[in-house]
Amino acid sequence: MKAPRFSYHDPASLDEALDLLADHGDAARVLAGGQSLMPVLNFRLARPAHLVDLNRVEDLAAIAESGGGLTLGAMVRQRALERSEVVARRCPLICQALPLVGHPQIRNRGTLGGSLAHADPAAELPAVLVAVDASFVLRSKTAQRRVAADAFVTGQLSTVLQPDELLERVEVPVWPERTGSAIREVAMRTGDFALAGVATTLSLDAHGRVAAARIVCFGVADRPLRQPDAEASLMGGTPGEALLEEAGRIVSARLRSFDDIHASAGYRKRVSGVLTTRALTECVMAAT
Ligand SMILES: Cc1cc2nc3c(=O)[nH]c(=O)nc-3n(C[C@H](O)[C@H](O)[C@H](O)COP(=O)(O)OP(=O)(O)OC[C@H]3O[C@@H](n4cnc5c(N)ncnc54)[C@H](O)[C@@H]3O)c2cc1C
């Protein structure tokens, strides 16, 4: 099928793009890399009267170091993130995750902002940005607001974005000393969306005990899910096999998941626990 008719706009600046969104509201959709939006249009799952193409808005495509952290424009291509030396240094988890996102051709066009705004529950980047405690800057013609990555997704393919807003940039805080990160997933084939996945970060204090940990499951619910009980079980502990296995057991026990044609909830819970222990083990090796 072909996409329904729409008016195409290609603003050259952010202000121009925001004017268009303010004028057309609900009738407009933003076009980034088109890797998810074009199939949605071709299947006629959405029929926007206006497409606002962000590909000429250069201000949205920058990767910058800021105060020891990172500022990433929404239009940064996934492939650029994957290959960025700055991102590898300041937030290695992003570079670890990207080889799992589709295929190189998709990452060449797909953008950071597109993946976040699309909010597929099995996508890697939304979970990764929760794991690193990032915040998102949203802009409309009249206002700007900041939303924690953890509060951005409201359900399957849904976010807090309003029709006249776009995601402008992502801010990643300073990567703490002695921190390791890892992402593990199970998918039917390489490049497929995950049936279950886990993104983790873990920091050690000067005595080698766990000072902070985040465990975020994806592909198992309608949004990325932090695992607060498993995270709490790690705090202050010496990260040996017993501690990391216990965290995995807690994830398996507490996770609320779902059945579909690909896997049962029970399978997703079990696999998420195993992936958690493996990812945390990798974190500890990187942090020590
Ligand atoms: C075969 C295939 C396999 C894939 N596998 C994976 C995978 O394993 N893991 C994974 O995570 N992804 C996967 N993807 C999705 C891919 O990562 C897409 O690139 C991503 O979901 C959308 O990014 P995009 O830049 O192409 O956005 P688009 O398709 O252009 O837009 C997606 C949505 O986001 C909105 N949007 C885009 N940018 C903004 C913005 N700045 N502000 C507000 N709204 C915005 C659009 O209006 C649209 O609703 C796959 C895609 C394909 C085709």
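This structure is a prediction, so every number in the text was calculated from the model and none was measured. (Residues numbered from 1 in each chain as written. Predicted model: local features only at pLDDT ≥ 70, side-chain atom pairs only at ≥ 80, totals over all residues.)

Within the chain, the secondary structure is distributed over twelve helices and 14 strands. For 288 residues, the compact-globule estimate of 2.2 N^0.38 gives 19 Å, and the chain sits close to it at 19 Å. If one aligns the C-alpha atoms of the chain with their principal axes, the spans along those axes are about 60 × 45 × 30 Å. Each of the 288 residues in the chain was classed as buried or not, and the buried ones make up 46%. Counted over contacts in the chain with a minimum sequence separation of 6, partners at least 24 positions apart contribute 65%. (Helix = DSSP H or I, 4+ residues; strand = E, 2+ residues; numbered from the N terminus. Rg over C-alpha atoms; globule rule 2.2 N^0.38 Å. Buried ≥ 20, exposed ≤ 12 C-beta atoms within 10 Å, placed from the backbone. Contact = placed C-beta atoms within 7 Å.)

What follows is about the pairing of strand S2 (residues 28–31). The two faces of a sheet get side chains in turn, since along a regular strand they alternate between them. Side chains Ala-28 and Val-30 of S2 all project onto a buried face; the interleaved residues Arg-29 and Leu-31 project onto the opposite face, where all are buried too. With four bridges connecting them, S2 and strand S3 (residues 50–53) associate as parallel partners. The residue bridging Arg-29 from the neighbouring strand is Leu-51, located in S3. Note on the crossover from S2 through helix H2 (residues 37–42) to S3: the handedness is right-handed. (Pairing = 2+ DSSP bridges. Right-handed = clockwise from strand over helix to strand, strands pointing away.)

Time to look at unusual backbone geometry. Of note in this structure, Asp-133 is not a glycine but carries a positive phi near 60°. With respect to the helices and strands, Asp-133 occurs in the loop between helix H8 (124–131) and strand S6 (135–139). With 14 C-beta atoms counted inside 10 Å, the residue Asp-133 sits in the partly exposed group.

Once that is clear, we can look at the nonpolar core. If you look at the biggest cluster of nonpolar residues, it comprises 82 residues, and the most contacted ones within it are Ala-97, Val-128, Ala-199 and Val-216. Among the elements that take part in this core, helix H12 (residues 265–287) stands out by supplying seven residues, more than any other. For this core, the domains that each give at least three residues are domain 1 (6–53 + 61–174) and domain 2 (179–287). Ignoring anything within four residues of it in the chain, the contact list for Ala-97 reads Glu-124, Leu-125, Val-128, Ile-183 and Ala-199. (Core = buried A, V, L, I, M, F, W, Y, C linked by C-beta atoms within 7 Å. Domains from an automatic or database assignment.)

Time to look at the pairing of S3. The pairing of strand S1 (residues 7–9) with S3 spans three bridges and is parallel. Across the sheet, residue His-9 finds its bridge partner in S3, namely Val-52.

With domains assigned, the chain is organised as domain 1 (6–53 + 61–174) and domain 2 (179–287). A straight line from the C-alpha centre of domain 1 to that of domain 2 covers 25 Å. The interface of domain 1 with domain 2 comprises 22 residues on the first partner and 20 residues on the second. Elements that contribute at least two residues to the side of domain 1 that touches domain 2 include exactly helix H5 (92–97), H8 and strand S8 (153–155). Broken down by element, the residue count for the side of domain 1 that touches domain 2 peaks at six residues, all from H8. Considered class by class, the residues forming the side of domain 1 that touches domain 2 number 14 nonpolar, five polar and three charged. (Nonpolar A, V, L, I, M, F, W, Y, C, P; charged D, E, K, R; others polar.)

What follows deals with the site of the ligand. Looking at the ligand, there are 29 residues lining it, with Gly-33, Gly-102, Gly-110, Gly-114 and Ala-123 nearest. Sorting the residues of the shell around the ligand by element identifies S2, helix H6 (104–109), helix H7 (112–118), H8 and strand S10 (166–172) as the ones contributing at least two each. Looking at the shell around the ligand element by element, the count peaks at five residues for H7. (Near = placed C-beta within 6 Å.)

Moving on, we get to helix H11 (residues 241–254). When the terminal C-alpha atoms of H11 are compared, their 20 Å separation across 14 residues agrees well with the 20 Å that a helix rising 1.5 Å per residue should span. Listing the buried residues of H11 in full gives Leu-244, Ala-247, Gly-248, Ile-250 and Val-251. The buried residues of H11 occupy one face: seen down the axis, they fall within an arc of 155°. The exposed set on the far side of H11, more than 90 degrees from its buried face, consists of Glu-241, Ala-242 and Ala-253. On the buried face of H11, the contacting elements are strand S13 (210–218), helix H10 (228–234) and H12. (Expected span 1.5 Å × (residues − 1). Arc of directions from axis to C-beta.)

Whether parallel or antiparallel, the strands of a sheet pair through hydrogen bonds between backbone atoms. As summarised here, the arrangement of the three strands in space is S1-S3-S2, forming an open sheet in which the pairing is parallel. Every other strand in the sheet has two partners, leaving S1 and S2 as the edge strands with one partner each. Shown here is a sheet whose adjacent strand axes are inclined to one another by a mean of 25°, direction ignored. Across the sheet, helix H1 (residues 14–24) is in contact with S1, S2 and S3; its angle to S3 comes to roughly 165°. (Axes fitted to C-alpha atoms, helices over the stretch in contact; angles between N-to-C directions.)

The next thing to look at is the sheet that holds strand S4 (residues 63–66). The antiparallel open sheet is built from five strands, whose spatial order is S4-S5-S10-S6-S7. A single partner strand is all that each edge strand has here, and the edge strands are S4 and strand S7 (144–148). With strand direction ignored, the average angle separating the axes of adjacent strands in the sheet is 25°. In terms of strand pairing, strand S5 (residues 69–73) meets S10 through four bridges, oriented antiparallel. Its bridge partner being in S10, Leu-70 is matched across the sheet by Val-172.

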